[in-house]
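Overview (structure and organization)
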Amino acid sequence: MSLPLASRPRRLTVVHDRLRPEETLLFEALDRLGVEVERVYAPNWSWEAGSIDRSDQVVLLRTLSHARTLVLARLLEADGAEVVNRAAVIDRCGDKAATSAALAAAGVPQPRTVVAFSPAEVIRACETLGWPVVIKPVVGSWGRMVARCRDVDAVEALIEHKQVLGGPSHQTFYVQEHIDKPGRDLRAFVVGERVVAAIAREGDDWRTNTARGALVRGVEAGARLQEVALRAAAAVGGGILAVDLLEAPRGLLVGEVNHGLEFRNSIGPTGVDIPGEIARYLVSRSHADASSRTQNRRAGAVEAVS
Amino acid sequence: MQTLSTPYGRLDLDPARLELGELVVSDDGVELEVVSLEPLSFEPAPEEAEDWGE
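Position numbers for residues start from 1 in each chain and track the written sequence from start to end. Lettering for chains starts from A, numbering for ligands starts from 1, and both go in the order in which the items are written. Thresholds applied to this predicted model are a pLDDT of at least 70 for local features of residues and 80 or more for the giving and counting of side-chain atom pairs; totals over whole chains, interfaces and linings are not thresholded and use all residues. Side-chain numbers come from the whole structure's heavy atoms, not from hydrogens or water.

The next thing to look at is the pattern of salt bridges. Residue and element names in this part refer to chain A. A pair is scored as a salt bridge if a Lys or Arg side-chain nitrogen falls within 4 Å of a carboxyl oxygen belonging to Asp or Glu. Under the defined criterion, the tally for this structure stands at 27 salt bridges over all chains. The closest approach of N and O atoms between E22 and R264, which form a salt bridge, is 3.0 Å. Placement of E22 in helix α1 (residues 21-32) and of R264 in the loop between β13 (251-258) and α8 (267-270) is noted, with a sequence separation of 242 residues between them. A relative accessible area of 0% places E22 in the buried class. The network of salt bridges with common partners includes R20, E23, R62 and E262. In this description a helix means any DSSP run of H or I spanning at least four residues, a strand means any run of E spanning at least two, and both kinds are numbered starting from the N terminus. Any residue under 20% of the maximum accessible area for its type is buried, any over 50% is exposed, and the rest in between are partly exposed; the area is computed with a 1.4 Å probe on protein chains only.

Right, dumping it as C-alpha cells:
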C-alpha cells in the first residue's frame, strides 16, 4: 500500500565539496539514525533551469564557499526543495551589513554599528562610536581582515589599503564599537527552535576565533543566552546556525550569525552530540507535515518578493 | 593498500575506500582533494579561500 504524498518522508540530500570532519561526523550521525542519504559532490553537479522537481527533497548544504552555497540554495529552492539553510538566511548571514539590518529590525541587541561608503563618513562614524573601533569586511570569515583601530591615522591607513585592494566588498565599510569583552566570547549552536550547546572561546588574540587558536570551553546555555541567541536566529530566518555573543557591560550582544557552522572542536568540551542534533533535525524536516511544508514555501515566497 | 605517484608526491592508500571530497596527504606533505573516483584523480587543496569559513 502506498502512503499518501504528505505522509511520505522526503528524501534527504547532503551537498558538499571538501569533506571536513564536520561532514564526516554528520554522515556518521545520519547513518546511526538509519537514514538513507543522497550525497552530492558539488563540483560534479550542475543545474538546468526547470529540469527537475525537487519538492520531495530536504537538502543540507555543507559547501565551503559562501558564494557557492548561496547559489546552490537559490537553485535548489527554485526546484522546490527545502534547503537548510534557506537562501535568504545564507544571504543575510554571509553579509555583516545584512545581518546587522536583520538584527536591528528584530530589536536584537548588537554592538553599535555603522555602515559607510566614504572615508569621511567612516571617520565620522569612528568619532561617534568612540575609540577604538573595529572595522570588518562585510563578507569574510575566521576573523580575516578584521581590524581594531585606535585612532584616525590607523583608520586612514586601513581605508587606503582597502581602496588599493579594490573590489566592491572593500568599498563598503562596516564599523563597530569595540566591546571590551572578558577575554572570551560565547557561541550558541542553534538547531531549529533550540539552543543545543554553547561554548566560550578564550584566547590572547582580541579576535577569539578558533581558527586563530582560541580555546574552547563548554558553558551552560542560560536563559538569557538562549533568549538572545534564539531571537538572533529567528531574525535572520532560522535554521542551523551558530550565534556569536559578546558579554558587554550592558548585556549580551550578538556579534554575528554563522550559517555554515563548524563544530568539530565543540563536541568534546560541551559533551553534546552536535552532529546528532543536526541529523535529528534534518530527519524531522523530512517528516514535516504538509501544512508545515506549505508554510515554508509561503515564507520563501514572501522573502523573495520583499 | 596501493602506492600512487602524483606530481605532488606519493600516496599510500586504498582506492576502494576513498570518498569524493576527502583529503589525503602525499609523502611530500601536500594536501590533495579527491576530485574523481573513476578515474581516480586529485587536486591540490588550498587551506582557505576568500569566502570560506563560518
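For the rest of this paragraph, the subject is the interface of chain B and chain A. In this complex, chain B contributes 18 residues to the contact, which on the side of chain A involves 21 residues. Carbon and sulfur atoms supply 42% of the area buried between chain B and chain A, which totals about 1,700 Å² over both sides. In this assembly, chain B and chain A are joined by 3 salt bridges. In this structure, A:R39 engages B:E19 in a salt bridge whose closest nitrogen and oxygen atoms are separated by 2.5 Å. Here a polar contact is recorded for every N or O atom pair within 3.5 Å, except that within protein the pair must consist of a potential hydrogen donor and a potential acceptor, and residues adjacent in sequence are included only if both atoms are side-chain atoms. In this structure, the connection of chain B to chain A is made through 12 residue pairs in polar contact (both at pLDDT 80 or more). With 3 residues, the single largest contributor to the side of chain B that touches chain A is strand β4 (residues 31-37) of chain B. A per-class count over the side of chain B that touches chain A returns 8 nonpolar, 2 polar and 8 charged. Should any heavy atoms of two residues lie within 4.5 Å, those residues are counted as being in contact. Put simply, buried area is the surface a 1.4 Å probe can reach on two separate parts but cannot reach once they are joined, added for both. Ten residues, namely Ala, Val, Leu, Ile, Met, Phe, Trp, Tyr, Cys and Pro, are considered nonpolar, four, namely Asp, Glu, Lys and Arg, are considered charged, and the remaining ones, Gly among them, are considered polar.

Quick look at the packing of aromatic side chains now. A pair of Phe, Tyr and Trp rings is counted when the ring centres sit within 6.5 Å of each other, with Trp represented by its six-membered ring. The angle between the planes then sorts it: under 30 degrees is stacked, over 60 is edge-to-face, the rest tilted. Under the definition given, this model contains 0 aromatic pairs over all chains. Two limits define a charge over a ring: the Lys NZ or Arg CZ must be within 6 Å of the ring centre, and within 35 degrees of the ring normal. Positioned over the ring face of A:F27 is A:R39, at 3.8 Å from the centre of the ring.

This part is about the packing of helix α5 (residues 119-129) of chain A against helix α6 (residues 152-165) of chain A. Residues and elements named next belong to chain A. Orientation is described by axes fitted as lines to C-alpha atoms, over the contacting stretch for helices, and by angles from 0 to 180 degrees between their N-to-C directions. Direction vectors running N to C along α5 and α6 enclose 145°, while the axes themselves pass 11 Å from each other. Crossing angle aside, the handedness with which α5 passes α6 is right-handed. Contacts between α5 and α6 involve P119, V122, I123, C126 and E127 from the former and V152, V155, E156, I159 and Q163 from the latter. The class makeup of the residues in the contact of α5 with α6 is 7 nonpolar, 1 polar and 2 charged. By convention, the crossing between two helices is left-handed when the near helix turns anticlockwise from the far helix through less than a right angle, and right-handed when the turn is clockwise.

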